[in-house]
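Chain residues, written in single-letter form:
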Amino acid sequence: MNIFISCVKQKVDHKTQAQYLYKSDLFSKQLRYAQQLATKDDHIYILSAKYGVLELTDTISPYELTLNNMSKIERKQWAAKCYRQLKRKNIDFKDKAIFLTGNSYHEYLSQLFTDKVFPLGNLPFGMRLQKLKEWLNE
């Protein structure tokens, strides 16, 4: 199983592992929930507007970019970049994919997977955060 979480605007101001770069309540809850869902054979990836598909331990620098401000063509190009990255990681697109992301981050990328779920649907930011709090018993 592959679990995808999305990047957020708030970041630390120095180069670090991807899992530590993003510093919002939403991101930390996405990550914690993904970690609860994952077994030892599953993979958690961060979808970054700048870098594409990130492993939690990839070292990256802060940036200012979001898919929410990109055109449809730019989002499709980003999804194509992510596809190439996933192919290099030998992802099986028939494996289950869980997207804990906003619509901009899964609208095209999720089409690659045959078995996919969107536990947060297309909920707005505040409702996604509330749903994650419920699932994490907070």
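See the structure shown above.
Predicted model, so just to flag it, every value in this text is computed and none were measured.

Thresholds applied
Residues numbered from 1 in each chain as written. Predicted model: local features only at pLDDT ≥ 70, side-chain atom pairs only at ≥ 80, totals over all residues. Heavy atoms only, no water. Salt bridge = Lys/Arg side-chain N within 4 Å of Asp/Glu carboxyl O. Helix = DSSP H or I, 4+ residues; strand = E, 2+ residues; numbered from the N terminus. Buried < 20%, exposed > 50% of the residue type's maximum accessible area, 1.4 Å probe, protein only. Arc of directions from axis to C-beta. Contact = heavy atoms within 4.5 Å. Pairing = 2+ DSSP bridges. Disulfide = S-S within 2.5 Å. Core = buried A, V, L, I, M, F, W, Y, C linked by side-chain atoms within 4.5 Å.

Undergrad: How should I be thinking about the pattern of salt bridges in this particular structure?
TA: For side chains of opposite charge, pairing can occur when their charged atoms come near one another. Scanning the entire structure with this criterion turns up eight salt bridges. Here Arg32 and Glu138 are joined by a salt bridge, their closest N and O atoms 2.2 Å apart. With a gap of 106 residues between them, Arg32 in helix α2 (residues 25-37) and Glu138 in the segment after α5 (125-135) connect regions that are remote in the sequence. One network of salt bridges, in which partners are shared, links Asp25, Lys29, Arg32 and Glu138.

Undergrad: Where do I start with α5 in this structure?
TA: Three- or four-residue spacings in an α-helix give side chains the same orientation, since the helix completes a turn every 3.6 residues. Along α5, the residues classified as buried are Arg128, Leu129 and Leu132. Buried residues in α5, looked at end-on, bunch into an arc of 100 degrees, giving them a common side. Where the residues of α5 are buried, they touch α2.

Undergrad: Teacher, can you tell me more about the pairing of strand β4 (residues 52-55) here?
TA: Regular strands have side chains that alternate between both faces of the sheet. In terms of strand pairing, strand β3 (residues 43-48) meets β4 through four bridges, oriented antiparallel. Bridging across to β4, Ile46 finds its partner in Leu54. Hairpin geometry of β3 and β4 is characterised by an intervening segment of three residues between the two adjacent antiparallel strands.

Undergrad: Any chance you could explain the state of the cysteines here in plain terms?
TA: Two cysteines joined by a covalent bond between their sulfur atoms form a disulfide. As enumerated under the stated definition, the model contains zero disulfides in all. Of all cysteine sulfurs, the one in Cys82 lies closest to Cys7, which takes part in no disulfide; the gap is 10 Å. Note on Cys82: relative accessible area 0%, which makes it buried.

Undergrad: I keep staring at the pairing of strand β6 (residues 96-100) and nothing clicks. Help me out?
TA: Of all five residues in β6, four are buried; the element is thus mostly enclosed. Where strand β1 (residues 2-6) lies against β6, four bridges are found, and the strand directions are parallel. Of the residues in β6, the one forming a bridge with Ile5 is Leu100. Where β6 lies against strand β7 (residues 115-117), three bridges are found, and the strand directions are parallel. Note on β7: the bridge partner recorded for Ala97 is Lys116.

Undergrad: Sorry if this is basic, but what is going on with the nonpolar core here?
TA: Here is a general trend for soluble globular proteins: nonpolar side chains tend to be buried in one another's company. Ranked by size, the top nonpolar core spans 44 residues in total, and within it Phe4, Tyr22, Ile46, Trp78, Leu86, Leu100 and Phe113 carry the most contacts. If you list the elements that add at least two residues to this core, you get β1, α1 (18-21), α2, β3, β4, α3 (72-88), β6 and α5. Here this core gets five residues from one element, more than from any other, and that element is α2. With sequence-adjacent residues up to four places away left out, Leu86 is seen in contact with Phe4, Val53, Ile91, Phe93, Leu109 and Phe113.

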